[in-house]
Every structure is written in C-alpha cells, then in structure tokens.
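# Summary of structural features
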Amino acid sequence: MITILGKTIINFIKNISGVIKLLVDILYWLIIGPFKGKAAQRQGIFNQMIFTGLRSMPIVFFVTIFTGVVLAMQSAYQLQKMGAVLYVASLVAVSLCRELGPVLTALVVAGRVGSAFAAELGTMKVSEQIEALETMAINPVRFLAVPRFIALFFMLPCLTILGNLSGMVGGYLVGVYSLNINPDLYIQTTFKYLEIKDIYTGITKSFVFAVIIALIGCFEGLNTKGGAEGVGRATTRSVVISFILIILADCIITSIFYFSKL
Amino acid sequence: MIKKDSKDEPIISLKNVSKYFHGNKIIDNVSFDILHGETFVIMGCSGSGKSTLLRLMTGILKPEEGSIFVKGKDISKIRGEELDEVRKTFGMLFQYSALLDSLTVEDNVSLPLKEHTRLAQEIIDIIIKMKLSLVGLRGYEKHYPSQISGGMRKRVGLARAIALDPNIVFYDEPTSGLDPVVGGVIDKLIKELSEKLLITSVVITHDMQSVFNIADRVAMVHKGRIIDVTTPDELRSSQNPYIQQFINGRPLGPIDFFKEDIGIGEIFGL
Ligand SMILES: Nc1ncnc2c1ncn2[C@@H]1O[C@H](COP(=O)(O)OP(=O)(O)OP(=O)(O)O)[C@@H](O)[C@H]1O
Ligand SMILES: [Mg+2]
C-alpha cells in the first residue's frame with residue numbers, strides 16, 4: 001500500500017518535472033531557435049493552424065450555440081420570477097465571455113486537438129520515427145512540439161471568441177423568438193453590461209488553456225511507451241489530464257481576478 | 001593507397017560497453033573497433049542485441065558502463081548540439097524504415113537536406129532525384145509511406161540515410177524484406193558507397209549471402225556478447241561452433257533456440 005502510494009507520488013513528480021522540462025524546451029526553441037537559423041517550419045505551423053483552428057470551428061460552434069440556448073432558458077426561468085427577463089441578455093453574455101466560452105471551447109479542443117497531438121506523436125514514438133528524427137540531428141521538440149504549440153496558442157483564443165459569439169447567438173434566438181424580447185433591445189442589453197474586462201478575462205484564460213492542452217498532448221505523445229496500446233493510453237491520459245488541469249486553472253485564474261478585483 | 005592508410009585508425013571504438021534493460025544485461029561488456037572506410041557487418045540471432053548496439057553507437061541509448069568513441073568523441077557523454085554535430089555525419093537505415101508518415105517520399109528524403117543545409121530548392125530536387133534513382137524509386141516522389149510496399153519503404157529509408165552524403169552509414173537489416181534481386185542491388189550499392197566514397201558502413205544482417213558479398217570484417221553477436229570478429233573468408237573455415245551453427249542454419253548447437261521450453265524440441269523431433 002505504502003509502496004504503491006510512494007510510486008504514485010514519484011511518478012507524479014516525474015511527470016510534472018517532465019512537463020516543465022518540455023515547456024522550457026519549447027520556449028528555448030521558440031525564442032533562441034530563430035537566432036540559430038532553426039526556427040520552426042512555417043509550413044508546419046500553418047498546417048497545424050488549419051487543423052487546430054479551422055477544423056475545430058464546427059464543433060466549437062455547435063457546442064457553444066446550444067450552451068447559449070440552454071443558458072438563456074435556464075436564466076429566463078429564474079429571472080421570470082423577478083420580472084427581469086430582459087437581463088437574460090447580459091447574463092448570457094457575461095457568463096459566456098468570462099467563464100463558459102473559454103472553458104467549454106478549451107474542453108472541446110482538448111478532446112479533439114490535444115488527443116490528436118498525443119495520438120500522432122505517440123504513434124511516431126512507437127514506430128521509431130522520433131528516434132529517426134533524433135538520429136538525423138533534428139530535435140523532435142523543435143520539429144514537432146513547437147509548431148503545435150504556436151498554432152494552438154494563437155488558435156484557441158480565436159476559437160474562444162467564436163465560441164462567445166455563437167453562444168450569444170444561441171441566447172439571442174431564445175430571447176427574441178421564445179421570450180419575445182425586442183431584438184434591438186436584446187442586443188443593447190447584451191453589450192450594456194458586458195465590460196471589456198469580461199472579455200479579456202476570458203481571453204487570458206484561453207491562452208493559459210492553450211498552453212495546457214498543447215503541453216499535455218505533446219508530453220503524453222513524446223513519452224508514449226509500448227505499441228498501439230501505449231498510444232491509446234497516452235491519448236486517454238492527455239484528455240483526462242487536460243480536462244482536470246483546465247478546470248483547475250480556471251478556478252485559480254477566476255479567483256485571482258475575483259480577489260484582485262480586476 | 002589513401003584508403004590503406006586511413007583504414008588503420010578506428011572511426012568507431014567501443015570499450016567495455018554494457019547496457020541494461022530492466023535489470024537484464026542486454027549488451028555484455030562489448031569491445032570492438034570499426035576502422036575508417038571499412039564495411040563492418042554485425043550478425044547474430046534475433047534478440048541478440050544487434051539493434052541495441054546500433055542505438056548505442058548513434059547515441060540514442062546511453063550505456064550504463066563503458067564508453068563509445070565516434071570520431072574521437074565519447075558519444076555517450078556528449079549531448080545537445082555537440083551530439084547533433086556528430087550525428088549530421090551519420091546516416092541510418094532503420095530496421096522498420098521509420099519514415100515520417102505525414103510526409104511524402106520526396107519530403108522524407110529531402111528532410112535532412114532542408115534541415116541541415118542551405119541548398120536551393122532546385123539543387124535539393126536534383127539530389128532527391130539522384131538518391132531515389134540509386135534505390136530504383138524514381139516516379140514515387142509524391143507517394144506517402146503508407147502507399148508503398150515495405151521493401152520500397154526500406155529503400156526510401158536508404159535514400160534518406162545517404163541524402164546528406166554521410167561519412168558513416170548504419171544499416172539495420174538493409175536487405176530483409178527485399179526480393180533477392182533488389183537485395184543484390186542494395187548490397188552492391190552499399191559496397192560501392194563504401195569503396196568509392198570511403199564511407200564507413202556498419203551493417204546488421206542475417207543474410208549470409210550479403211555477409212560474404214559486402215563484409216570486410218564480421219562480428220558475431222550472441223546474447224549481447226561478441227563471440228568473434230573475423231573476415232568473411234575465415235568465417236567459412238571457422239571452428240567456432242556458434243559461427244558454424246549460424247552460417248549453416250542448423251537448429252541444434254550451442255545457440256539453443258528451445259532453451260527454457262524443455263520438451264518442445266522433442267515435439268519437433270529435434
Ligand atoms: N527499449 C527496450 N526495453 C526493454 N528491452 C529491450 C528494449 N530494446 C531491446 N530490448 C531487449 O534487448 C534484446 C535485444 O534487442 P535488439 O532489438 O537489439 O535485438 P536484435 O538483435 O536487433 O534482434 P532482431 O534481429 O530481431 O532485430 C531483446 O531481448 C529485447 O527484449
Ligand atoms: Mg534488430
């Protein structure tokens with residue numbers, strides 16, 4: 001029992017230091033690399049941006065628009081009792097931008113993109129492709145992890161903005177067609193209580209989530225052991241760990257913003 | 001003449017190297033020298049540690065004991081850029097090709113060129129064409145590794161290994177999975193590369209025919225130990241029972257295939 005606990009703790013510490021080392025490596029190649037003429041390939045970044053950004057748009061759109069719908073109906077149910085149905089608009093907008101937009105988008109992307117990172121790099125690892133890169137004196141972190149990191153770092157905030165907007169569209173549909181709020185009034189109320197800080201709080205979060213997803217996906221992939229089974233395990237782990245860390249980070253960042261009254 | 005002189009100095013030198021996996025000694029106190037410009041063949045049974053030896057020489061694995069000198073540098077101690085500098089002069093053909101399956105044949109071969117040289121795209125294109133025709137794969141530039149056969153993949157791996165005109169090429173079973181004709185072509189290619197361009201070749205093979213075709217010297221590995229290092233001519237007349245069993249492919253002998261499974265040998269009537 002104690003040995004199992006001990007092993008778990010040792011593994012945990014090993015993993016954390018591994019992830020931190022990967023982050024340091026990525027930042028090293030990101031910052032120092034270009035000066036050595038070893039910048040990440042533009043083509044690779046571009047391809048990853050298409051995959052992580054463009055191709056994630058449909059799922060982000062559908063998840064958030066329905067969330068917006070549900071959110072509007074939920075809050076209408078409560079607000080009707082107080083005769084304040086109009087405020088559905090601002091409630092939907094603020095909770096989407098601050099909280100649900102970034103978090104839901106990140107969770108969807110972790111499931112779609114983070115898992116793909118882990119599966120792809122894991123397959124490369126178990127089929128000796130990573131080893132081949134190393135033997136060719138091509139650093140796998142620079143060649144594989146950096147483009148993915150850059151792509152996700154810029155695409156997740158964009159996806160989050162898309163998520164916020166489509167969530168608000170969902171709210172608008174409920175507000176206008178079911179609660180019969182005047183469309184102009186709805187839009188007005190939406191932006192009346194939505195402050196700029198609500199938006200940047202959410203975007204700040206999404207940058208942090210992007211780092212988490214890219215880092216965990218690449219770490220699990222590059223440290224895959226065993227054959228197809230190992231790839232499966234790495235993929236599952238990347239999703240589970242990203243989910244937990246996203247929620248945890250959300251909690252921490254929200255409380256920082258809350259207590260520092262930002 | 002030049003060849004003779006330079007042949008006397010070792011380019012790779014293993015000194016008392018041991019490697020453990022999960023507490024098992026997989027490479028057991030191995031020492032040998034590989035000379036400049038020679039074709040050094042490593043042969044041995046499946047699981048005897050040949051690929052592991054190659055991984056040690058390329059610095060992918062680090063030995064627990066001993067040291068491995070490649071071009072005068074202890075490859076097991078250096079890391080980062082210093083290691084990469086040495087590796088740029090390597091080419092390696094992997095046992096299972098290890099092509100990047102997100103890249104086309106052409107991009108796989110040009111990858112080392114694009115990463116390590118500043119050649120113009122037109123020149124890279126010419127080099128790719130040359131290397132691909134050396135291995136008989138012109139016309140497959142735009143195919144992905146999943147769209148070509150295993151033997152073809154292996155030949156692309158070979159083209160990639162020699163793309164940068166390396167000084168040392170490691171071949172992990174270059175002819176396994178190839179038909180005899182293509183196998184013969186590859187053997188000839190290895191021989192020519194080493195003779196004309198003074199490339200040092202380290203070749204792992206089970207194929208006795210290619211051993212006799214290409215080898216300058218042969219090392220026999222068994223259970224992580226070097227049994228003997230000889231020339232191909234001495235190999236035939238060797239009195240060593242391991243070598244005799246191996247080159248004649250006899251099921252019975254000191255290499256006990258059925259070691260722990262007592263009784264299975266009898267089932268097969270051996
Ligand atoms: N990463 C590893 N982890 C644990 N054991 C390993 C590892 N790599 C190799 N081994 C063990 O080392 C031994 C030698 O493996 P190696 O791949 O070097 O054999 P080989 O001589 O190349 O065989 P083959 O001719 O079949 O390719 C095997 O018994 C294998 O189980
Ligand atoms: Mg092998």
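Just so it is clear, the structure is predicted and the values come from calculations on it, not from any experiment.

### Re the overall build of chain A
In terms of regular secondary structure, chain A is built from nine helices and zero strands. Taken over the C-alpha atoms alone, chain A extends approximately 70 × 50 × 35 Å along its principal axes. Split into buried and exposed, the 262 residues of chain A put 48% on the buried side. Long-range contacts, defined here as pairs at least 24 residues apart, represent 85% of the contacts in chain A between residues at least 6 apart. Carbon and sulfur atoms make up 72% of the accessible area of chain A, which amounts to about 13100 Å² in all. On chain A, the mean spot of the 20 positive side-chain charges and the mean spot of the 12 negative ones are 3 Å from each other.

### Side note on the sheet that holds strand 8 (residues 200-204) of chain B
Residues and elements named next belong to chain B. An order of 6-7-8-3-9-10 is seen for the six strands of this open sheet, with the pairing classed as mixed. This sheet does not close on itself; its edge strands, each paired only once, are strand 6 (90-93) and strand 10 (225-230). Each strand of the sheet is rotated relative to its neighbour by a mean of 15°, with strand direction disregarded. Inspection of the sheet shows strand 3 (residues 39-44) paired to strand 8 by four bridges, in the parallel sense. Bridge pairing in strand 8 links Ile42 to Ile204. Together, strand 6 and strand 7 (168-172) form the strand contacts of helix 6 (residues 150-161), whose direction differs from that of strand 6 by roughly 175°. Its contacts with the sheet put helix 10 (residues 241-248) on strand 3, strand 9 (217-222) and strand 10, and the angle it makes with strand 9 is roughly 100°.

### Considering the side chain of His116(B)
Following the sequence through the fold, His116(B) ends up in helix 4 (residues 105-116). For His116(B), a relative accessible area of 17% corresponds to the buried category. A distance of 2.6 Å separates a polar side-chain atom of His116(B) from the backbone oxygen of Met136(A). In this view, His116(B) contacts Lys38(A), Met136(A), Ala137(A), Ile138(A), Lys88(B) and Leu164(B); residues no more than four positions away in its chain are not counted.

### Regarding the state of the cysteines
Residue and element names in this part refer to chain A. In total, this model carries zero disulfides over all chains according to the counting rule given. Cys158 supplies the cysteine sulfur nearest to Cys97, a cysteine that is in no disulfide, at a spacing of 15 Å. Among the residues examined, Cys158 registers a relative accessible area of 45% and is labelled partly exposed.

### Re the packing of aromatic side chains
All names here are of chain A. Throughout the structure, instances matching the rule amount to 11 aromatic pairs over all chains. Note on Phe62 and Phe66: the rings are 6.4 Å apart at their centroids and 20° apart in plane angle, and the pair reads as stacked. Of the two residues, Phe62 and Phe66 both sit in helix 3 (residues 57-82), four residues apart, roughly one turn of that helix. Residue classification places Phe62 among the partly exposed positions, given a relative accessible area of 46%. Pairwise contacts between aromatic rings join Phe149, Phe153, Phe154 and Phe207 into one cluster. Above the plane of the ring of Phe51 lies Arg112, whose end atom (NZ or CZ) is 4.8 Å from the centre.

### Topic: the coordination of the magnesium ion (ligand 2)
For a metal bound by four donors in a tetrahedral arrangement, the ideal donor-metal-donor angle is 109.5 degrees, while six donors in an octahedral arrangement ideally sit at 90 or 180 degrees. Residues and elements named next belong to chain B. Those donors, Ser51 (OG) and Gln95 (OE1), are the protein atoms that reach the magnesium ion (ligand 2), and they lie 1.9 to 2.3 Å from it. Taken together, the positions of Ser51 in helix 2 (residues 50-57) and Gln95 in the loop between strand 6 and helix 4 put the pair 44 residues apart, joining distant regions of the chain. No difference in accessibility class separates Ser51 from Gln95, as the two residues are buried.

### Let's talk about a nonpolar patch on the surface
Nonpolar side chains collect at one region of the surface, where Leu5(A), Ile9(A), Phe12(A), Ile13(A), Ile16(A), Ile20(A) and Val24(A) lie side by side and expose about 680 Å² of accessible area between them. Among the structural elements, Leu5(A) can be located in helix 1 (residues 2-31).

### Concerning the interface of chain B and chain A
Often, the extent of an interface is quoted as the loss of accessible area on bringing the components together. Tallying the contact residues gives 19 residues for chain B and 18 residues for chain A. The junction of chain B with chain A conceals about 1800 Å² of combined surface from both sides, 55% of it contributed by carbon and sulfur atoms. Seen at the junction of chain B and chain A, the total is three salt bridges. A salt bridge links Glu131(A) to Arg55(B); the shortest N-O distance between them is 2.7 Å. In this assembly, chain B and chain A are joined by six residue pairs in polar contact (both at pLDDT 80 or more). Those elements that provide at least two residues to the side of chain B that touches chain A are helix 3 (80-87) and helix 4 of chain B. By residue number, the principal contributor to the side of chain B that touches chain A is helix 4 of chain B, which donates four residues.

### What about unusual backbone geometry?
Residue and element names in this part refer to chain B. In this structure, Asn16 is a non-glycine residue whose phi angle is positive, near 50°. By secondary structure assignment, the location of Asn16 is in strand 1 (residues 10-21). Among the residues examined, Asn16 registers a relative accessible area of 43% and is labelled partly exposed. Positioned with a positive phi, Asn29 is a non-glycine residue whose angle comes to about 50°. Inspection of the secondary structure assignment puts Asn29 in strand 2 (residues 24-35). The class for Asn29 is partly exposed, based on a relative accessible area of 45%.

### Topic: the environment of Ile204(B)
All names here are of chain B. Turning to its location among the elements, Ile204 is positioned in strand 8. In this structure Ile204 comes out as buried when scored by relative accessible area, which is 0%. Sequence separation of Ile204 and Met43 is 161 residues, and the distance between their C-alpha atoms is 5.8 Å.

### A short note on the side chain of Thr64(A)
Residues and elements named next belong to chain A. Of note, Thr64 is situated in helix 3. In this structure the side chain of Thr64 is engaged in a polar contact, spanning 2.6 Å, whose partner is the backbone oxygen of Val60. Sequence-distant contacts of Thr64, defined by excluding residues within four places in its chain, comprise Thr105, Gly163, Ser166 and Gly167.

### Looking at the site of ligand 1
Residue and element names in this part refer to chain B. In the vicinity of ligand 1 there are 14 residues, among which Ser46, Lys50, Ser51, Thr52 and Gln95 approach most closely. Between ligand 1 and the protein, one listed contact pairs an oxygen atom with a backbone N or O atom of Gly49 at 3.0 Å. For ligand 1, an oxygen atom lies 2.6 Å from a polar atom in the side chain of Thr52. Bound to the protein, ligand 1 loses 64% of the 640 Å² it would expose on its own. The element contributing the most residues to the shell around ligand 1 is helix 2, with three residues.

Rules used throughout
Residues numbered from 1 in each chain as written. Chains lettered and ligands numbered in written order. Predicted model: local features only at pLDDT ≥ 70, side-chain atom pairs only at ≥ 80, totals over all residues. Heavy atoms only, no water. Helix = DSSP H or I, 4+ residues; strand = E, 2+ residues; numbered from the N terminus. Buried < 20%, exposed > 50% of the residue type's maximum accessible area, 1.4 Å probe, protein only. Contact = heavy atoms within 4.5 Å. Areas by Shrake-Rupley, 256 points an atom, 1.4 Å probe, with all protein chains shown as cover. Lys, Arg positive; Asp, Glu negative; His and termini not counted. Charge placed at Lys NZ, Arg CZ, Asp CG, Glu CD. Pairing = 2+ DSSP bridges. Axes fitted to C-alpha atoms, helices over the stretch in contact; angles between N-to-C directions. Polar contact = N/O pair within 3.5 Å; in protein donor to acceptor, adjacent residues only side chain to side chain. Disulfide = S-S within 2.5 Å. Phe/Tyr/Trp six-rings, centres within 6.5 Å; stacked < 30°, edge-to-face > 60°. Lys NZ or Arg CZ within 6 Å of the ring centre and 35° of its normal. Donors = N, O, S within 2.8 Å, 3.2 Å for Na, K, Ca; no water. Patch = residues over 30% accessible without salt bridge, like charges linked within 9 Å, V, L, I, M, F, W, Y side chains within 5 Å. Salt bridge = Lys/Arg side-chain N within 4 Å of Asp/Glu carboxyl O. Buried area = accessible area lost by both parts, 1.4 Å probe. Near = heavy atom within 4 Å.

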